[in-house]
Amino acid sequence: MQKYIWLVPLLPLIGAAINGLLGRKLRFSERLIGGIAVGSVALSFLISVAAVYSYGFGGHAEWPKPYVTSQDGFSFNWIPGGMVSINQGIQEHMAVEVHKKAEEQLAAMTPEERAQRPAILIGVAETPRFALLNIEWSYQLDPLSSIFMLIVTGVGLCIFVFATGYMHGEAGFYRFFAYMGLFMFAMLVLVMGSNFLMMFVGWEGVGLCSYLLIGYYFDRQEAANASRKAFITNRVGDFGFALAIFGIIAAFGSAQYTEVFEQAKSFPIELLGHWGILSWIALGLFVGACGKSAQLPLHVWLPDAMAGPTPVSALIHAATMVTAGLYMVTRTNVIFQHSQTMLLVVALVGAATAIFAATIGITQNDIKKVLAYSTVSQLGFMFMACGVGAFVIAIFHVMTHAFFKALMFLGAGSVIHGMHHEQDMRRMGGLKKYMPYTYWTFFAGWLAICGIIPFSGFWSKDEILWNAASTTYIPLGWIVWLVGTIAATCTAFYMTRLMAMTFWGKERFLAGAGGEADEAHASAYDKGLAPHDAALPSAGDRPRHEPGEHVGPVHEDVAHHVVTHGHAHEDGGHGHGAHVPHESPPSMWVPLAVLAVLAVIGGFVGIGPAFRPVTGSEHPGGRLHIVNWLNPIIWNPLTREFNTAEGGHEAPATEAEHTELVAGEFVQAPYRDTGFNLAHSVNNATHNHLATEWIFIIISLIVAGTGILLGFLFYVWRPQLAGIWAQRLRPLYNASYNKYWVDELYGLTITRRTMDVARGVFAFDSKLVDGIVNGLAWLSRQLSRIVGGVDKYLVDGLVNTVAAFIMRLMSPLFRAAQTGFTQNYALVMVLGLMVAVVIFFARDIITAFGK
Amino acid sequence: MLNFFNPIVTLLLQEGLRARFDLMRYAAANPDLSKFLVIGALLFIIGVAGVLTRRNIIVIFMSIELILNAANLNFIAFSRYLHEMGSVNAAAGQIFTVFVIVVAAAEAAIGLGIVIALYRNKETIWVDEIDLLKW
């Protein structure tokens, strides 16, 4: 089945092409468009499942060897690059050679000689290196890409089904699903490509689709701005990523993962503060990851991206695209683990982002904004995990986060749908009664993200915090742990707040209409205008509502509404605000239910090592356990090799194991001493490894509980407390509410300054450059006037005279030649032919007569 | 050039039937391109002469047919010759001949149509009374 994985990205592309190219022309029905889109993704999902099964568990399972399609028929030499000179990382290449030669010499010695620790002299010349760069278009199936394939197609399928319900009635239905299919294609190329350039293609592709989908309601200024912001912010990251790819090709002469990592794994490790080639490459890669995964300096686009339709937020800005940065960092973990500096940077940026976004999430009122900041915060957690060396756990969190965050976004979509495009949580409340399915699925997501014990979020988040506390990869692990713990408390708090404001408590939706809602219809109503789409009836892609028409779910009976809730219509006069919310159709809550089940049980593939008394092993379940499954793609700094398939090496070695290894095998500690280590200190106090792990688990459960209890206190039991504390902590509240003024800061320092530069350049262009050009034009105009006069009177006069003279003279002659009789012309032709023959055969004739 | 005309001279100067029969037998045994080319050239010359001298447009058409047939004859002759010489693609000449016949038929149809239109306008088909090409 692995052979057919090239179909996985192709099918959504075909679906997107059919929908996008023909959907409008042939006026496809919504059912047909939805069927094509959902069908293509469902087929992809089935193929992915079959391929992953046969790869990992089938009779001829190739796990954990990466399976590249080009080894099995499907290959396409995409960029025949030719000879490239490897002119970067020369020092490292030489170091690798020295190491190899030293080992050879040591092996040749007798044990006695070796025991004397002789000095070995090795000369290595700096030789020019070349490689044949051939970049192929082939897909790679390995533990990492298989997980992403399943997440992207599986969660994507749920979201596609949801979108058929959510987008019902939009005239741009075909366009939406064309973009979504295109996104699936790009995302799958990103995660399935077998080299960095394919990843880059997918990377840019998802960026484009993100841009298109954020700007889906392109006639709204806010959405258009948000889409541009996302695109431009991502350019910054892509710049770094592109540089890193150049660096990789310049240092390794190849872009194929397998080849690059094979070479990179024997490179020397660059300790803190040492900037070798791999650190620079890792920096570039991480800048790219920051852009795509919305990490601290470049996070500004993600909250604004919520201007897109909610399924887009769920698919692209929560479950899949924003985790591309994690995919990339984990994919290149060899490179990152070679650079302790960059590991520290990743961890600190991740921790900073986690706490930063979590504190913003506390004060936001827009339900989607809260979820957006929550996503940024969770992404920070994942980078934290990467930074402390627990790449597998990061991917585990990507997976659980994809489940519960997609669930929550879709739940929010369902709420928004049910509330008639109301997004402000201050106008919700008490929805539990009206939307039971949405409520209970959201409830599962809430428990998962808070980290309550059997739910999926607990397993991954707890492992991240444990790894942060016990890391031997970087110094300052305890700070990362502390920040992560506080961020986890904030997460539990703002999620409880979200639940309380949305589903529990007083019903506030009857109070008034409007609000600062984000969705298309509502915002136009806010301004007292016609619906956005009615303003330009000629534009083909808009929902065809008339001004004043009932804008709501089509399945709803308008007349019934007017009868039962007539009072709402009397003052509002339009279809918004004072509706009683309603449960969403099955096409929307069934995906919710599926995701809820995943959010509940999804964590069991990653039960932590602390549960070994219960489960019997550190990573129970064999290959089904995510750590065992992913381990072979993780490079081990101790052995300087990739982990073996069934090795079960715990990602960050604890100090005990570490010293054991160092003592036993004379392996030098890869990252030297990393200073104070929280977990080891606790371990030294308890002298029990298991107890230490349990202490951290209990701490993380306590903070989750604290967050939830605080949420209950502030928003359920004593709702007035929230306002009081907001007053008391006014500066902090303002900072959080205004998102720490980052947007304003960027606006002031970057956007405005860029505009100033642009204005300056424009002035230069319009004054100086244009002035020169215009002056020259004026000059040539004057000149041309002179030249024109000369031409008109002198030259033309001369020409006319001569021409007239010649015409008078010659015309009778030529006129006489034109008799008009056909035969005259024919005769001339024949004569001409004869002359031609004579000329052509002149030499033959002369010889013949000469003879 | 003289070599080219040699077969004609030979043919014209043959004396007696016997010699002529010998020649024919020889020709049957050894396909000789030159005779066909001579016939073709004669046809061509006759055609050209007809086109240039006759006043009746119908006859001019007939002369054109002669010219075309001269070309056809050459095609066939070369085709046969090349076939004898062992060329595998000798059928091309025959195909061209068929083409020429088809084109000639089409041309005749159009030409006669033009003639009829001309006659209706000018009441004549004598070309020396038609000098419309002047304008």
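Parameters at a glance
- Here the residue index of a chain counts from 1 through its sequence in written order.
- For this description, chains carry letters from A and ligands carry numbers from 1, given in the order in which they are written.
- For a predicted model such as this one, the threshold for reporting local features is a pLDDT of at least 70, and the threshold for listing and counting side-chain atom pairs is 80 or more; totals across whole chains, interfaces and linings nevertheless cover every residue.
- The side-chain quantities take in all heavy atoms of the structure and omit both hydrogens and water.
- Going along the chain from the N terminus, every DSSP run of H or I of four or more residues is numbered as a helix, and every run of E of two or more is numbered as a strand.
- Burial here depends on accessible area, computed with a 1.4 Å probe over protein chains only, as a share of the maximum for the residue type. Under 20% is buried, over 50% is exposed, and the range in between is partly exposed.
- We call two residues in contact whenever any of their non-hydrogen atoms come within 4.5 Å of each other.
- Areas reported here follow the Shrake-Rupley algorithm with a probe of radius 1.4 Å; residue values treat only the protein chains shown as occluding.
- By convention, the term buried area covers the 1.4 Å-probe accessible surface removed from two parts as they join, with the contributions of both added.
- Salt bridge criterion: a side-chain nitrogen from Lys or Arg within 4 Å of a carboxyl oxygen from Asp or Glu.
- Polar contacts here mean pairs of N or O atoms no more than 3.5 Å apart (in protein, one a potential hydrogen donor and the other a potential acceptor; neighbouring residues in sequence count only if both atoms are side-chain atoms).
- Nonpolar core, defined: a set of buried Ala, Val, Leu, Ile, Met, Phe, Trp, Tyr and Cys residues in which side-chain atoms within 4.5 Å join the residues together.
- Confidence of the predictor at the level of single residues is given by pLDDT, which spans 0 to 100.
- Patch membership needs two things, relative accessible area over 30% and no salt bridge, and members are linked within 9 Å if like-charged or within 5 Å if nonpolar (Val, Leu, Ile, Met, Phe, Trp, Tyr).
- Counted as positive: Lys and Arg. Counted as negative: Asp and Glu, with His and the chain ends omitted from the count.
- Following DSSP output, two strands are said to pair if at least two bridges run between them.
- Interaxial angle, 0 to 180 degrees, is taken between N-to-C directions of lines fitted to C-alpha atoms, where a helix line uses only the stretch in contact.
- Any angle from 65 to 115 degrees is called roughly perpendicular, while one under 35 is roughly parallel, one over 145 is roughly antiparallel, and all others are oblique.
- Two helices that cross are described as forming a left-handed crossing if the nearer one is turned anticlockwise from the farther one by less than a right angle, and a right-handed crossing if clockwise.
- Residues are grouped as follows: Ala, Val, Leu, Ile, Met, Phe, Trp, Tyr, Cys and Pro are nonpolar; Asp, Glu, Lys and Arg are charged; all remaining types, including Gly, are polar.
- Note on aromatic pairs: the rings of Phe, Tyr and Trp (six-membered ring only in Trp) are paired at centre separations within 6.5 Å, and the planes decide the class, stacked below 30 degrees, edge-to-face beyond 60, tilted for the rest.
- In this scheme, Lys NZ or Arg CZ marks a charge over a ring once it lies within 6 Å of the ring centre and within 35 degrees of the ring normal.
- Each helix should span, by expectation, one fewer than its residue count multiplied by 1.5 Å.
- In this description, one arc is meant: the one made by directions from the helix axis to the C-beta atoms.
- Two cysteine sulfurs form what is called a disulfide whenever their separation falls within 2.5 Å.

In this section: the overall build of chain A. When its secondary structure is counted, chain A shows 34 helices and six strands. Classification of the 851 residues of chain A by burial places 54% in the buried group. Sequence-distant contacts, at least 24 apart, represent 80% of the contacts inside chain A between residues at least 6 apart. With an accessible surface of roughly 36,200 Å², chain A has 68% of that area assigned to carbon and sulfur atoms.

So, on to the overall build of chain B. The helix and strand inventory of chain B stands at five helices and zero strands. When its helices and strands are written in sequence order, chain B yields α-α-α-α-α. Every one of the 135 residues in chain B was classed for burial, and the buried ones make up 21%. Within chain B, contacts between residues at least 6 apart in sequence are counted, and of these 59% link residues at least 24 apart.

Our next topic: the interface of chain B and chain A. Each partner contributes residues to the interface: chain B has 19 residues there, and chain A has 15 residues. Buried area between chain B and chain A, both sides added, is near 1,200 Å², and the carbon and sulfur share of it is 67%. One can count zero salt bridges joining chain B with chain A. Remark: the boundary between chain B and chain A carries two residue pairs in polar contact (both at pLDDT 80 or more). Examining the composition of the side of chain B that touches chain A, we find that five residues originate from one element, helix α3 (residues 33-53) of chain B, more than from any other.

This part covers the nonpolar core. Judged by nonpolar contacts, the single largest core of 229 residues is most densely connected at I281(A) and F336(A). The dominant element in this core, judged by the number of residues it contributes, is helix α17 (residues 391-418) of chain A, at 19 residues. Setting aside residues no more than four positions away along its own chain, I281(A) makes contact with A244(A), G247(A), I248(A), A251(A), F252(A) and I335(A). A826(A), F61(B), L118(B) and I130(B) belong to the second largest nonpolar core, which has ten residues in total.

Here the focus is the confidence of the model for chain B. Predicted coordinates in regions of low pLDDT should not be interpreted in detail. All names here are of chain B. A residue-level look at chain B finds 80% of positions with pLDDT of 70 or above and a mean pLDDT of 82. Considering each helix and strand of chain B separately, the mean pLDDT is smallest for helix α1 (residues 2-12), with a value of 61, and largest for helix α5 (residues 91-122), with 91. Interface scoring of the predicted complex returns ipTM 0.71; its pTM is 0.73.

This part is about the pattern of salt bridges. With the rule as written, the count across this model stands at 16 salt bridges over all chains. Between R331(A) and D142(A) there is a salt bridge whose closest N-O contact spans 2.4 Å. Taken as a pair, R331(A) in helix α13 (residues 324-331) and D142(A) in the loop between β4 (140-141) and α5 (143-166) lie far apart in primary sequence, 189 residues in all. With a relative accessible area of 5%, R331(A) lands in the buried category. Looking at D142(A), the relative accessible area reads 3%, which means it is buried. A salt bridge links D128(B) to R55(B); the nearest nitrogen and oxygen atoms lie 2.7 Å apart.

On to a nonpolar patch on the surface, then. On the surface, F764(A), L768(A), V769(A), I772(A), V773(A), L776(A), W778(A) and L779(A) cluster together to form a nonpolar patch covering roughly 770 Å² of accessible area. Looking at where V769(A) falls in the secondary structure, it is placed in helix α32 (residues 742-817).

Attention now goes to the side chain of R497(A). Residues and elements named next belong to chain A. The topology assignment puts R497 in helix α20 (residues 477-502). This buried residue, R497, is left without a salt bridge; D424 holds the nearest opposite charge, at 7.8 Å. Among all residues touching R497, those that are not within four sequence positions of it are G361, I362, T363, Q364, N365, V370, M425 and Y715.

Let's shift gears to the pairing of strand β3 (residues 129-136) of chain A. Residues and elements named next belong to chain A. Only one face of β3 is covered, namely the face carrying R129, A131, L133 and I135; the face carrying F130, L132, N134 and E136 is uncovered. Bridge analysis of strand β2 (residues 77-86) against β3 gives eight bridges, and the strand direction is antiparallel. The residue bridging V84 from the neighbouring strand is A131, located in β3.

Attention now goes to the packing of helix α2 (residues 30-56) of chain A against α5(A). Residue and element names in this part refer to chain A. Interhelical geometry of α2 versus α5 gives an angle of 155° and a closest axis separation of 9 Å. On the basis of their axis angle, the class for α2 and α5 is roughly antiparallel. As α2 runs across α5, the sense of the crossing is left-handed. Facing G34, A37, V38, V41, A42, S44, F45, S48, V49, V52 and Y55 of α2, the residues of α5 in contact are P143, S146, M149, L150, T153, G154, G156, L157, F160, V161 and T164. Grouping the constituent residues of the contact of α2 with α5 by class yields 14 nonpolar, eight polar and no charged.

All names here are of chain A. Relative to the assigned elements, G23 resides in the loop between α1 (7-22) and α2. Take G23: its relative accessible area is 4%, and that puts it in the buried class. Remark: the alpha-carbon pair of G23 and H417, spanning 394 residues in sequence, is separated by 25 Å.

All names here are of chain A. Inspection of every chain in the model, using the stated rule, returns 48 aromatic pairs over all chains. Relative to F267, the ring of F252 lies with its centre 5.3 Å away and its plane at 45°, an arrangement referred to as tilted. Separated by 15 residues along the polypeptide, F252 in helix α8 (residues 221-252) and F267 in the loop between α9 (257-264) and α10 (277-292) bring together distant segments of the chain. Comparing F252 with F267 shows no difference in burial state: the two are buried. Here the aromatic residues Y439, W440, F442, F443, W446, F503, W504, F712 and W717 are joined through ring pairs into a cluster of three or more. Against the face of F231 rests R235, its NZ or CZ located 4.4 Å from the ring centre. Between the NZ or CZ atom of R728 and the centre of the ring of W725, over which it lies, the distance is 4.8 Å.

All names here are of chain A. In the contact formed by helix α28 (residues 678-686) and helix α29 (residues 689-717), the axes pass within 9 Å of each other and the chain directions differ by 125°. The pairing of α28 with α29 is recorded here as oblique in orientation. Note that α28 runs across α29; the crossing there is right-handed. Contacts from L678, A679, V682, N683 and T686 in α28 reach H689, T692, I695 and F696 in α29. Broken down by class, the residue content of the contact of α28 with α29 amounts to five nonpolar, four polar and no charged.

Attention now goes to helix α33 (residues 822-840) of chain A. Look at α33(A): 27 Å from first C-alpha to last across 19 residues, which is about the 27 Å you get at 1.5 Å a residue. Every buried residue of α33(A) is accounted for by Q823(A), A826(A) and V830(A). The buried residues of α33(A) occupy an angular sector of 55° when projected down its axis, which confines them to one face. Across from the buried face of α33(A), at angles greater than 90 degrees, the exposed residues are V828(A), M829(A) and I839(A). Buried-residue contacts for α33(A) involve α3 and α4 (57-84) of chain B.

All right, on to unusual backbone geometry then. All names here are of chain A. Residue P64 follows W63 across a cis peptide bond; omega there is 5°. Among the structural elements, P64 can be located in the loop between α2 and β1 (67-68). Backbone geometry at R27 places phi at a positive 50°, although glycine is not the residue there. Structurally, R27 can be placed in the loop between α1 and α2.

It is worth spelling out the state of the cysteines at this point. Residues and elements named next belong to chain A. Using the criterion set out here, one finds zero disulfides over all chains in the structure. Of all cysteine sulfurs, the one in C490 lies closest to C450, which takes part in no disulfide; the gap is 12 Å. Take C450: its relative accessible area is 3%, and that puts it in the buried class.

Turning our eyes to something else, we now look at the side chain of S54(A). Relative to the helices and strands, S54(A) resides in helix α2. What S54(A) contacts, discounting residues up to four positions off in sequence, is M1(A), Q2(A), H60(A) and A61(A).

Take the environment of V312(A) next. Residues and elements named next belong to chain A. By secondary structure assignment, the location of V312 is in helix α12 (residues 310-319). Taking the C-alpha atoms as reference points, V312 and P436, 124 residues apart in sequence, are found 24 Å from one another. Those residues in contact with V312, other than ones at most four positions away along the chain, are F176, M180, L213 and H317.

With that out of the way, let us pick up the confidence of the model for chain A. Residue and element names in this part refer to chain A. Taken as a whole, chain A shows an average pLDDT of 84; of its residues, 88% reach a score of 70 or greater. Confidence over residues 512-577 falls short of pLDDT 50; this stretch has 119 contacts with residues more than four positions distant or in other chains. Low confidence marks residues 647-668, where pLDDT is under 50. Its contacts with residues over four positions away, or in another chain, come to 33 contacts.

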